[in-house]
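# Structural description and commentary
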Amino acid sequence: MSAFSVKFLAPNSFLSPITNISTTRLYANPSQTAVPAPPQAPEEITAERLEPRVEKKGGYFVLKEKFRQGINPQEKVKIAAEPMKLFMENGIEDLAKIPFEEIDKSKDTKDDVDVRLKWLGLFHRRKHQYGRFMMRLKLPNGVTTSAQTRYLASVIKQYGEQGCADVTTRQNWQIRGVTLSDVPSILKGLDEVGLTSLQSGMDNVRNPVGNPLAGIDPYEIVDTRPYTNLLSQFITANSRGNPEFTNLPRKWNVCVIGSHDLYEHPHINDLAYMPATKNGRFGFNLLVGGFFSPKRCAEAIPLDAWVPAEDVVPVCGAILEAYRDLGTRGNRQKTRMMWLIDELGVEGFRSEVVKRMPVQALERASLEDLVDPKWERRDMFGVNPQKQEGLSFVGLHVPVGRVQADDMDELARLADQYGSGELRLTVEQNIIIPNIENSKVKALLDEPLLKEKFLPEPPILMKGLVACTGNQFCGQAIIETKARALKVTEEVGRLVSVTRPVRMHWTGCPNTCGQVQVADIGFMGCMTRDGNGKVVEGADVYLGGRIGSDSHLGEIYKKGVPCKDLVPVVVDILVEKFGAVSREREEGDE
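This one's a predicted model, so the numbers in the text were calculated from it and none came from an experiment.

On to the UniProt feature "domain: Nitrite/sulphite reductase 4Fe-4S" (unreviewed entry) in the protein chain. Feature annotation in UniProt assigns "domain: Nitrite/sulphite reductase 4Fe-4S" (unreviewed entry) to the following positions: residues 202-359 and 465-574. Strand forms 20% of residues 202-359 and helix 29%; the C-alpha atoms that close the span are 31 Å apart. As annotated, residues 465-574 comprises 21% helix and 32% strand, and the C-alpha atoms at either end are separated by 14 Å.

Have a look at this one:
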């Protein structure tokens, strides 16, 4: 690939945060991205172990016969039929014509609907919306247009109460209510507005995350959009389908860091690009292996590698190839990339990446990190000045990320009328309207949508509220999350007041799509018993997750709390750990 130039700010240009953006102080230790991981001493790795477990046949990668012993059911589904053929060879056209009542009569078509369609970003909601699908888009860096937003609104609008959309924790859209017969026309419509849902589920690379303020923040280090766009184009072969990376052992997350705020959460990604200079060149140190799963959560660790800006895509390809070739395919709880890194050791894994680089070389990490570890993380809500003179962006709170068709149409209208027709999605499930002329800001703030629903300045406890889909739609979720998260937070807010945002995340099951381990307070759905011994919906409560340069995963504080008893538990935590004050006491003091 050809090199491209990217502007970045000098290290001394970010010493003072913007004063009118809300800040939450993170007491950080010096950055560790340039420090090699502690030496590991894995068992001796044989040449046989380093033999690639996949081979290319008929244009697609398949697991070799000799490595098929003890593989998991998902691997067997991939062997039985290549999922990408549903897209790359138009198999979806025929599948969409089969009456849904006929699909379950054949294992092949049932597996198509329940598993293989995930390679097209389609998730059958068999348990709660039989015959309906959630469709996950690819939206690199969370940047979308009014035209794209209107198109997605038009899709979900036709499904009435079954249709809605969610902003995800990977800066992405998910739309709900989709029927199989409509999928071919929806895919064509997506292509016409420059969107794709391809390779967004199952054993694929998920949406590349970047700085939601890319290109508009006076204090950004680098504009992440060129990199996230290149990565997405590379992974999907410009939305045509890229079988080089569709048969991974498990899902794989990537992000590019563009600000000191670390909005992108690098420590929970399989690959994170951390901006750093080396000998006068701009590039990135690499973190690898971060992930969540029901059985294990791990923070990303340094690969002791630095790449110049022009090698962002080649090193991504080399890491993916190493994971594709050597990752295990047995127990699904032990197939994420960190398990391979553990087995080979950091240096062993690094050497396999080097073998797959175009020039078979990889520089050691730079000591010139550009991320300021003492930075105060900003929450992005409200009106904030852009680097472009005379322009501002407005951050809107979207309660637990849920959006209806009319909301999407209205957001598109506001983006056109007041901005440049662009919207930005954040990993906290909120939305930013950028490029607003300062003279139009007041009129925008007076719009009903901003007064009544998507508030620029939400209540303080709502600011950091995140919730996964929950069992309203997701068959794996144990409890309902979105409505409950709002209800508990509202009740807690009536009882105590806090002086700073407290990040509270809800997830319906141990798959932790709601990322409870990075929250100040996290709630993971479970079934438990109440005081009368009755089985009820509950939550394991997590505490202590930190984000930023001093990132740290939270730990269990209390297990199996019945949901009906959560309010007093949260109140006590806020008083004891976060300096909250009882509203009664506060009113008495007045």
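This part takes up the pairing of strand 10 (residues 271-278). Within strand 10, eight of the eight residues are buried, which leaves the element mostly enclosed by the surrounding structure. Where burial is concerned, the two faces of strand 10 agree: the one with Leu271, Tyr273, Pro275 and Thr277 and the one with Ala272, Met274, Ala276 and Lys278 are both buried. Relative to strand 11 (residues 281-288), strand 10 runs antiparallel, the two being bridged by eight bridges. The partner of threonine 277 across the bridge, within strand 11, is phenylalanine 282. Pairing analysis gives two bridges linking strand 10 to strand 15 (residues 368-369), with the strands arranged antiparallel. The partner of alanine 276 across the bridge, within strand 15, is aspartate 369.

Attention now moves to helix 5 (residues 107-114). Structurally, the α-helix is built with 3.6 residues per turn, so residues lying three or four positions apart point the same way. When helix 5 is considered as a whole, its buried residues turn out to be Thr109, Asp111, Asp112, Val113 and Asp114. Structurally, helix 5 contributes buried residues whose contacts are with helix 1 (73-80), helix 2 (85-88), helix 3 (91-95), helix 4 (100-103), strand 4 (122-124) and strand 5 (132-136). For helix 5, the N-terminal capping position is held by serine 106, with its side-chain oxygen 3.3 Å away from the main-chain nitrogen of aspartate 108.

Right, let's get into the nonpolar core. Nonpolar side chains tend toward joint burial in soluble globular proteins. Ranked by size, the top nonpolar core spans 58 residues in total, and within it Leu117, Leu152, Trp173, Val178, Leu180 and Leu190 carry the most contacts. In terms of residue count, the dominant contributor to this core is helix 12 (residues 405-418) (six residues).

The set of residues buried in helix 1 consists of Glu75, Val77 and Lys78. For helix 1, the angular spread of buried residues about the axis comes to 155°, placing them on one side. When the buried face of helix 1 is taken as reference, the exposed residues oriented beyond 90 degrees from it are Pro73, Lys76 and Ala80. Among the structural elements, helix 5 are those in contact with the buried residues of helix 1. Where helix 1 begins, the capping side chain belongs to asparagine 72, and its oxygen is found 3.2 Å from the backbone nitrogen of glutamine 74.

Sheet architecture is open: five strands sit in the order 6-20-21-18-17, paired in antiparallel fashion. Across the chains shown, the open sheet's two edge strands, defined by having one partner strand only, are strand 6 (143-145) and strand 17 (382-385). Averaged over all neighbouring strand pairs, the angle between strand axes comes to 30°, with direction disregarded. Pairing analysis gives three bridges linking strand 6 to strand 20 (residues 422-425), with the strands arranged antiparallel. From the neighbouring strand, valine 143 faces strand 20, where its bridge partner is arginine 424.

On the surface, a nonpolar cluster with roughly 240 Å² of combined accessible area is contributed by Ile478, Met527 and Val535. Take methionine 527: it is sitting in strand 25 (residues 521-529).

This paragraph deals with the pairing of strand 25. In terms of burial, strand 25 is largely enclosed, as seven of its nine residues are buried. Here four bridges tie strand 24 (residues 504-507) to strand 25, and the two strands are oriented parallel to one another. Across the sheet, residue threonine 507 finds its bridge partner in strand 25, namely methionine 524. Bridging between strand 25 and strand 26 (residues 535-543) involves nine bridges; their strand directions are antiparallel. Following the sheet pairing, methionine 527 is matched in strand 26 by glutamate 537.

The subject of this paragraph is the state of the cysteines. Taken as a whole and judged by the stated rule, the model has zero disulfides. Here cysteine 474 stays unpaired: no disulfide links it, and the sulfur of cysteine 509, its closest cysteine neighbor, is 6.0 Å away. Judged by relative accessible area, cysteine 474 falls into the buried class, the value being 18%.

It is the contact of helix 15 (residues 482-495) with helix 16 (residues 566-578), at a shortest axis distance of 10 Å, that shows an interaxial angle of 50°. Comparing the axis directions of helix 15 and helix 16 gives the class oblique. Classified by chirality, the crossing of helix 16 by helix 15 is right-handed. In contact with Val488, Glu491, Val492 and Leu495 of helix 15, helix 16 contributes Val567, Val570, Val571 and Leu574. Its residues assigned to classes, the contact of helix 15 with helix 16 shows seven nonpolar, no polar and one charged.

In the structure shown here, the tally under the stated rule is 50 salt bridges. When the shortest N-O distance is used, the salt bridge between glutamate 343 and arginine 49 registers 2.6 Å. Separated by 294 residues along the polypeptide, glutamate 343 in helix 10 (residues 337-344) and arginine 49 in the loop between strand 1 (23-24) and strand 2 (54-57) bring together distant segments of the chain. Taking relative accessible area as the criterion, arginine 49 reaches 11% and is therefore assigned buried. Ionic pairing is found between aspartate 104 and arginine 126, a salt bridge with its closest N-O pair at 2.8 Å. Highlighted residues: aspartate 104 in the loop between helix 4 and helix 5 and arginine 126 in the loop between strand 4 and strand 5, separated in sequence by 22 residues.

Right, let's talk about the packing of aromatic side chains for a bit. Applying the stated criterion across every chain, the model contains eight aromatic pairs. Where tyrosine 219 meets tryptophan 375, the ring centres are 6.2 Å apart and the plane angle is 45°; that geometry is what we call tilted. Separated by 156 residues along the polypeptide, tyrosine 219 in the loop between helix 7 (183-192) and helix 8 (225-236) and tryptophan 375 in the loop between strand 15 and strand 16 (377-378) bring together distant segments of the chain. The class of tryptophan 375 is buried, set by a relative accessible area of 5%. With a centroid separation of 4.4 Å and 25° between ring planes, the pair formed by tryptophan 506 and phenylalanine 523 is classed as stacked. Taken together, the residues span a long stretch of sequence, with tryptophan 506 in strand 24 and phenylalanine 523 in strand 25 at a distance of 17 residues. In this structure, arginine 296 packs its charged tip against the face of tryptophan 339, placed 4.6 Å from the ring centre. Over the aromatic face of phenylalanine 61 sits the side chain of arginine 324, whose NZ or CZ is 3.9 Å from the ring centroid.

Conventions adopted
Residues numbered from 1 in each chain as written. Predicted model: local features only at pLDDT ≥ 70, side-chain atom pairs only at ≥ 80, totals over all residues. Heavy atoms only, no water. UniProt positions renumbered as here; feature names shortened; annotations may be inferred. Helix = DSSP H or I, 4+ residues; strand = E, 2+ residues; numbered from the N terminus. Buried < 20%, exposed > 50% of the residue type's maximum accessible area, 1.4 Å probe, protein only. Pairing = 2+ DSSP bridges. Contact = heavy atoms within 4.5 Å. Polar contact = N/O pair within 3.5 Å; in protein donor to acceptor, adjacent residues only side chain to side chain. Core = buried A, V, L, I, M, F, W, Y, C linked by side-chain atoms within 4.5 Å. Arc of directions from axis to C-beta. Axes fitted to C-alpha atoms, helices over the stretch in contact; angles between N-to-C directions. Patch = residues over 30% accessible without salt bridge, like charges linked within 9 Å, V, L, I, M, F, W, Y side chains within 5 Å. Areas by Shrake-Rupley, 256 points an atom, 1.4 Å probe, with all protein chains shown as cover. Salt bridge = Lys/Arg side-chain N within 4 Å of Asp/Glu carboxyl O. Disulfide = S-S within 2.5 Å. Parallel < 35°, antiparallel > 145°, perpendicular 65-115°, else oblique. Left-handed = near helix turned anticlockwise from the far one by under 90°. Nonpolar A, V, L, I, M, F, W, Y, C, P; charged D, E, K, R; others polar. Phe/Tyr/Trp six-rings, centres within 6.5 Å; stacked < 30°, edge-to-face > 60°. Lys NZ or Arg CZ within 6 Å of the ring centre and 35° of its normal.

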